[in-house]
Amino acid sequence: MGRKPSSSGRVLNVTSGPESTGRRLIAGGMAGACSVTVTYPLDLVRTRLSVQIESKNPKYKGIVHCFRTILREEGGSRPFCLYRGIGPTLAGIVPYVGINFSVYELIKSVAIPYYVPPAIQESSWNMSLADAYLPAYVKLACGCISGATAQSLTYPLDVLRRRMQMKGLNHHFAYANSFQAVWIIHRTEGVLGFYKGFWPNLVKVAPAMGINFLTYEFVKARFNGVPIGLRWRTGNS
């Protein structure tokens, strides 16, 4: 494709063709890092509320009360305590999202030649139009595989994140830092300690990511004006 002028008068280089796996990995990782940084305090509160023991006098009585208690008891009104465990979270979410997107696009690019007519493939790699020829079950399968792959590779970091978030609620998880947490988990629980709850989480993540990417592709196509629906069969049906 050529060069298109922007509204500011500058010339933008618009390239055609599929993005490389490395660029997808970096773009996905940066997107994951930004989203986690903005929403992490809510994730911390969610974890604290979901794991506290049911009793007549629970430590946290709601979202606002949980925020106030954490600030009062763990941070001295400093907001940094709301980001406890964000280190391992970023270390896990950056590769997780990056792998998720890059594996999804990689598998989809392998599937496209089997479903997309050669004329469409050779037409400047118009991916939005090429995606229209992929049936819904292919996109769903690509999403499930990418989600399962990313989760399998980064799950130990997710365990570490949750353990660090438990500090202040359970004295058994009162780790001083991430390195101490890794050492204690390995010493007391072994390697399998980093994979506790792996299978239930995988059963949840795989279909969730499949639905996520299927919905993403459908909405993206609508925004781009591509007249497609959620086709479950190949061909023009």
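Scroll up for the structure.
Described below are features of the structure shown in this document. (Residues numbered from 1 in each chain as written. Predicted model: local features only at pLDDT ≥ 70, side-chain atom pairs only at ≥ 80, totals over all residues. Heavy atoms only, no water.)

## Re the packing of helix 3 (residues 86-115) against helix 6 (residues 136-165)
Thinking step 1. Contact pair helix 3 / helix 6: the axes reach a minimum separation of 8 Å and the direction vectors enclose 165°. The orientation of helix 3 relative to helix 6 falls into the category roughly antiparallel. Pair helix 3 / helix 6 crosses with right-handed handedness.
Thinking step 2. In terms of residue class, the contact of helix 3 with helix 6 is built from 19 nonpolar, nine polar and three charged. (Axes fitted to C-alpha atoms, helices over the stretch in contact; angles between N-to-C directions. Helix = DSSP H or I, 4+ residues; strand = E, 2+ residues; numbered from the N terminus. Parallel < 35°, antiparallel > 145°, perpendicular 65-115°, else oblique. Left-handed = near helix turned anticlockwise from the far one by under 90°. Nonpolar A, V, L, I, M, F, W, Y, C, P; charged D, E, K, R; others polar.)

## Here's the deal with the packing of aromatic side chains
One pair of aromatic rings is described through two measures. These are the centre distance and the angle between the planes.
Thinking step 1. For the structure on display, the rule yields seven aromatic pairs.
Thinking step 2. A centroid spacing of 4.0 Å and a plane angle of 10° characterise the contact between tyrosine 104 and phenylalanine 213, whose relative ring orientation is stacked. Here tyrosine 104, found in helix 3, pairs with phenylalanine 213, found in helix 8 (residues 198-223); they are 109 residues apart in sequence, far enough to count as distant.
Thinking step 3. Judged by centre distance (5.1 Å) and plane angle (75°), the rings of phenylalanine 198 and tryptophan 199 are edge-to-face.
Thinking step 4. In this structure phenylalanine 198 comes out as buried when scored by relative accessible area, which is 11%.
Thinking step 5. Among the aromatic residues, those joined into a cluster by ring pairs are Tyr155, Tyr195, Phe198 and Trp199. (Phe/Tyr/Trp six-rings, centres within 6.5 Å; stacked < 30°, edge-to-face > 60°. Buried < 20%, exposed > 50% of the residue type's maximum accessible area, 1.4 Å probe, protein only.)

## A few points about the layout of surface pockets
Thinking step 1. The computed volume of the largest pocket comes to approximately 600 Å³.
Thinking step 2. Lining the largest pocket are 28 residues, and of these Ile93, Tyr96, Asp158, Arg161 and Arg162 lie nearest its centre.
Thinking step 3. Elements supplying a minimum of two residues to the lining of the largest pocket: helix 1 (21-51), helix 3, helix 6 and helix 8.
Thinking step 4. Per element, the largest residue contribution to the lining of the largest pocket is eight residues, and it comes from helix 3.
Thinking step 5. Here the residues of the lining of the largest pocket are counted per class, giving 13 nonpolar, nine polar and six charged. (1 Å grid on protein atoms, 1.4 Å probe; cavity = no way out; pocket = protein on both sides within 12 Å on 5 of 7 lines; lining within 4 Å. Points joined across faces, edges and corners; volume = space filled by probe spheres on them.)

## Some remarks on the environment of glycine 147
Thinking step 1. Residue position: glycine 147 is located in helix 6.
Thinking step 2. Relative accessible area serves as the criterion here: at 0%, glycine 147 is assigned to the buried category.
Thinking step 3. Sequence separation of glycine 147 and leucine 202 is 55 residues, and the distance between their C-alpha atoms is 8.4 Å.
Thinking step 4. When neighbours within four sequence positions are excluded, glycine 147 is seen to be in contact with Tyr96, Asn100, Val205 and Met209. (Contact = heavy atoms within 4.5 Å.)

## So, the environment of tryptophan 199
Thinking step 1. You can see tryptophan 199 is positioned in helix 8.
Thinking step 2. Exposure remark for tryptophan 199: the relative accessible area of 60% places this residue in the exposed category.
Thinking step 3. Spatially, the C-alpha atoms of tryptophan 199 and serine 152 are 9.6 Å apart, while their sequence positions differ by 47 residues.

## Quick word on the packing of helix 1 against helix 3
Thinking step 1. For the pair helix 1 and helix 3, interaxial distance at closest approach is 7 Å and the crossing angle is 140°. Taken together, the axis directions place helix 1 and helix 3 in an arrangement best described as oblique. The element helix 1 and its partner helix 3 pack so that their crossing is right-handed. On helix 3, the residues touching Thr21, Arg24, Leu25, Gly28, Gly29, Gly32, Ala33, Val36, Thr37 and Tyr40 of helix 1 are Ile86, Thr89, Leu90, Ile93, Val94, Val97, Gly98, Ile99, Phe101, Ser102, Glu105 and Leu106.
Thinking step 2. In the contact of helix 1 with helix 3, the residues fall into twelve nonpolar, eight polar and two charged.

Bear in mind that shape data such as this cannot, by itself, settle questions of function.
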